[in-house]
Amino acid sequence: MFIPKEHRIATFSYLFKEGVCVVKKDTRSPTHPHIEGPTNLEVLALMKSLESKGYIRITFSWQYNYCYLTAEGIAYLREYLGLPEEIVPATHKKTTARPEGRDREEDRDRPPAFGRDRGGGFGRGGGGFGRGGGD
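Residues numbered from 1 in each chain as written. Predicted model: local features only at pLDDT ≥ 70, side-chain atom pairs only at ≥ 80, totals over all residues. Heavy atoms only, no water.

A look at the environment of Tyr76
Here is the rule: Numbering of helices and strands runs from the N terminus, with a helix taken as a DSSP run of H or I at least four residues long and a strand as a DSSP run of E at least two residues long. Burial classification: accessible surface area is computed with a 1.4 Å probe over protein chains only, and a residue below 20% of its type maximum counts as buried, one above 50% as exposed, and the rest as partly exposed. Between two residues, a contact is recorded if the distance between any of their heavy atoms is within 4.5 Å.
Position of Tyr76 relative to the elements: it lies in helix α3 (residues 71-81). Among the residues examined, Tyr76 registers a relative accessible area of 23% and is labelled partly exposed. Between the alpha carbons of Tyr76 and Leu50 there is a distance of 9.9 Å; along the sequence they are 26 residues apart. In this view, Tyr76 contacts Phe12, Leu50 and Tyr55; residues no more than four positions away in its chain are not counted.

Here's the deal with helix α2 (residues 40-52)
Condition: To estimate the expected span of a helix, subtract one from its residue number and multiply by 1.5 Å.
Its 13 residues place the ends of α2 19 Å apart at the C-alpha level, agreeing with the 18 Å of an ideal helix rising 1.5 Å per residue. Those residues of α2 that sit buried are Asn40, Glu42, Val43, Leu44, Leu46, Met47 and Leu50. Along its buried surface, α2 packs onto α1 (5-18), β1 (20-24), β2 (56-61), β3 (64-69) and α3. Looking one or two places after α2, you find Gly54, whose phi comes out positive at around 85°.

A short note on the pattern of salt bridges
Counted only if it meets this: For salt bridges, the criterion is a side-chain nitrogen of Lys or Arg within 4 Å of an Asp or Glu carboxyl oxygen.
Inspection of the entire model under this criterion finds two salt bridges. Here Glu18 ties to Lys17 by a salt bridge, and the two come within 3.9 Å at their closest N and O atoms. Judged by relative accessible area, which is 29%, Glu18 ranks as partly exposed. Owing to a relative accessible area of 52%, Lys17 belongs among the exposed residues under this scheme. Here Glu85 makes a salt bridge to Arg78, at a shortest N to O gap of 3.6 Å. Overall, the relative accessible area of 11% leaves Arg78 in the buried class.

Quick look at the structure:
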């Protein structure tokens, strides 16, 4: 299948930037939802080609292809796109800070969650049919 160079570069750039790509098994879709330019069929064909060369690993589930870059794929795309060694895919970046969310100190000041303040836990209280739940 002939794929224009602009579409190939757009697809490879997205794959290298993110480190992963999700492609729906839909050959009639006029565009890919995340990549501007190529059709879904073109992205699907490029991913199959990269998989046959060992540059990505594809997991298929529920009509979606989940494509993951391998170490060889990173080297190939870096050479193809002319990128320096310092640039790495988002899935390979190290995060030193703790992700956004709750801190452990905040959890200590909060009252117990629903159901934990009854003292018994699962199966301790009454309730249910024929178990003395009508106290």
